[in-house]
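What follows is the residue order along each chain.
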Amino acid sequence: MIRVVMIDVDNTLLDFDEYVKFAMKTGFEKFGFKKYEEWMYDEFCIINHGFWRAYEKGEVSYEDILNNRWNSVFEKLGIVGDGVAFEKFFKGTLFDNAILINGAIDALRYLSERYVVCTATNGPFEQQKNRLQISGINEFTTLDFISEEMGEQKPKREFFEIAKRRLDEYFTRNDEKAIEFSEMIMIGDSLSSDISGAKNVGIKTCYFDKSETNKKCAEADVSISGWKEIKNIL
């Protein structure tokens, strides 16, 4: 029986992709770079994904991402600019940005009436906490598991073990039995950090496709195409 639903944040509850497009368009204008075009976003995704995969493997630090991500993007786009300065603009505007995925709040309301709902995200603590608050997500969550504060990131086993210990403490305070990994499900869009990480410790997994194109994931226990399908599995 499922007792706890853990949910990834970026591109699962909040639309990080739409934010990136907005930040690139407005930022390029602000810094006097060439005009933003849609293909540039695709190049960002390739480079950004590479950095985060390396971070998940422990090959680079979060600071490495901040110091090198946009310089790498600019080199690919043929832009001469200060990538570190642009990163500060990018992170600064992200702090107060929370574009919800379609149906996210309705899904959280439904889930929170039936399960203990928690977020599980890689990223800076203050930024993610603020985005969860201004989006209204925190109204429906019991705990937030954020990598910077926890000292471990998804998909590491330690991230999920810390989350389990904190859930055990929560249930103990409420005179309920401790949680088992098998009584948890992780919902997320990343095969590496969400699906693989959770599966490795025995947590059930749900692959989330925000594009609503009915993508299926063989590695996950179940897949949903947008939040409209959540009632089909939970």
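Residues numbered from 1 in each chain as written. Predicted model: local features only at pLDDT ≥ 70, side-chain atom pairs only at ≥ 80, totals over all residues. Heavy atoms only, no water.

**Q** Explain the overall build of the chain to me, please; I cannot follow it from the model alone.
**A** When helices and strands are tallied, the chain shows nine helices and six strands. For 234 residues, the compact-globule estimate of 2.2 N^0.38 gives 17 Å, and the chain sits close to it at 18 Å. If one aligns the C-alpha atoms of the chain with their principal axes, the spans along those axes are about 60 × 35 × 35 Å. The 234 residues of the chain split such that 53% are buried. Put simply, 61% of the contacts in the chain that link residues at least 6 apart link residues at least 24 apart. Of the roughly 11000 Å² of accessible surface on the chain, a fraction of 47% belongs to carbon and sulfur atoms. Between the centroid of the 31 positive side chains of the chain and the centroid of its 41 negative side chains there is a distance of 2 Å. (Helix = DSSP H or I, 4+ residues; strand = E, 2+ residues; numbered from the N terminus. Rg over C-alpha atoms; globule rule 2.2 N^0.38 Å. Buried < 20%, exposed > 50% of the residue type's maximum accessible area, 1.4 Å probe, protein only. Contact = heavy atoms within 4.5 Å. Areas by Shrake-Rupley, 256 points an atom, 1.4 Å probe, with all protein chains shown as cover. Lys, Arg positive; Asp, Glu negative; His and termini not counted. Charge placed at Lys NZ, Arg CZ, Asp CG, Glu CD.)

**Q** Would you take a moment to explain the layout of surface pockets for this structure?
**A** Summary: where empty space remains is shown by rolling a probe the size of a single water molecule over the atoms. Each pocket or cavity is described by its volume, and for the largest pocket that value is around 890 Å³. Along the walls of the largest pocket sit 38 residues, with Asp-10, Asn-11, Phe-16, Asp-189 and Ser-190 positioned nearest its centre. Of all the secondary-structure elements, those providing two or more residues to the lining of the largest pocket are α1 (16-31), α2 (38-56), α3 (62-77), α4 (83-95), α6 (125-135), α9 (191-199) and β5 (204-208). No other element matches α2, which puts eight residues into the lining of the largest pocket. Grouping the constituent residues of the lining of the largest pocket by class yields twelve nonpolar, twelve polar and 14 charged. (1 Å grid on protein atoms, 1.4 Å probe; cavity = no way out; pocket = protein on both sides within 12 Å on 5 of 7 lines; lining within 4 Å. Points joined across faces, edges and corners; volume = space filled by probe spheres on them. Nonpolar A, V, L, I, M, F, W, Y, C, P; charged D, E, K, R; others polar.)

**Q** Can you walk me through the nonpolar core in this structure?
**A** Side chains of a nonpolar character, in soluble globular proteins, are inclined to be buried together. With 27 residues, the main nonpolar core has Val-20, Met-24, Phe-28, Phe-44, Trp-70 and Phe-90 as its most contacted residues. Not counting residues within four places of it along the chain, the set of residues in contact with Val-20 comprises Tyr-41, Phe-44 and Phe-90. Formed by 25 residues, the second largest nonpolar core is a distinct cluster that contains Ile-2, Val-5, Val-117 and Phe-140. (Core = buried A, V, L, I, M, F, W, Y, C linked by side-chain atoms within 4.5 Å.)

**Q** How do you make sense of the pattern of salt bridges when you look at a structure like this?
**A** Oppositely charged side chains may form a pair once their charged atoms are brought near each other. A full pass over the atoms with the stated rule returns 19 salt bridges. Across the pair Arg-3 and Glu-183 runs a salt bridge, and its minimum N-O distance is 3.1 Å. Linking Arg-3 in the segment before β1 (4-7) with Glu-183 in the loop between α8 (157-173) and β4 (184-188), this pair joins segments that are 180 residues apart in sequence. For Glu-183, a relative accessible area of 11% translates into the label buried. The closest approach of N and O atoms between Asp-15 and Lys-210, which form a salt bridge, is 3.4 Å. You can see Asp-15 sitting in the loop between β1 and α1 and its partner Lys-210 sitting in the loop between β5 and β6 (222-224), a full 195 residues away along the chain. Residue classification places Lys-210 among the partly exposed positions, given a relative accessible area of 26%. Linked by salt bridges that have partners in common, Arg-3, Glu-176, Lys-177 and Glu-183 make up one network. (Salt bridge = Lys/Arg side-chain N within 4 Å of Asp/Glu carboxyl O.)

**Q** Would you explain the environment of Glu-87 in this entry?
**A** Position of Glu-87 relative to the elements: it lies in helix α4. The spatial distance from the C-alpha of Glu-87 to the C-alpha of Asp-221 is 36 Å, given a sequence separation of 134 residues. With sequence-adjacent residues up to four places away left out, Glu-87 is seen in contact with Ile-65, Leu-66, Arg-69 and Trp-70.

**Q** I tried to follow the side chain of Asp-168 on my own but got confused; where do I start?
**A** By the secondary structure assignment, Asp-168 is in helix α8. For Asp-168, the contacting residues outside a window of four places in its chain are Ala-178 and Ile-179.

**Q** Would you explain α4 in this entry?
**A** An α-helical turn contains 3.6 residues, so any two residues separated by three or four positions project in the same direction. Taking 1.5 Å of rise per residue, the 13 residues of α4 would be expected to cover 18 Å, and the 18 Å separating its terminal C-alpha atoms lies within 8% of that figure. Buried within α4 are the following residues: Gly-83, Phe-86, Glu-87, Phe-89, Phe-90, Lys-91 and Leu-94. Against α1, α2, α3 and α6 lie the buried residues of α4. Of the residues flanking the start of α4, the one acting as N-cap is Asp-82, its side-chain oxygen 3.0 Å from the backbone nitrogen of Val-84. (Expected span 1.5 Å × (residues − 1). Polar contact = N/O pair within 3.5 Å; in protein donor to acceptor, adjacent residues only side chain to side chain.)

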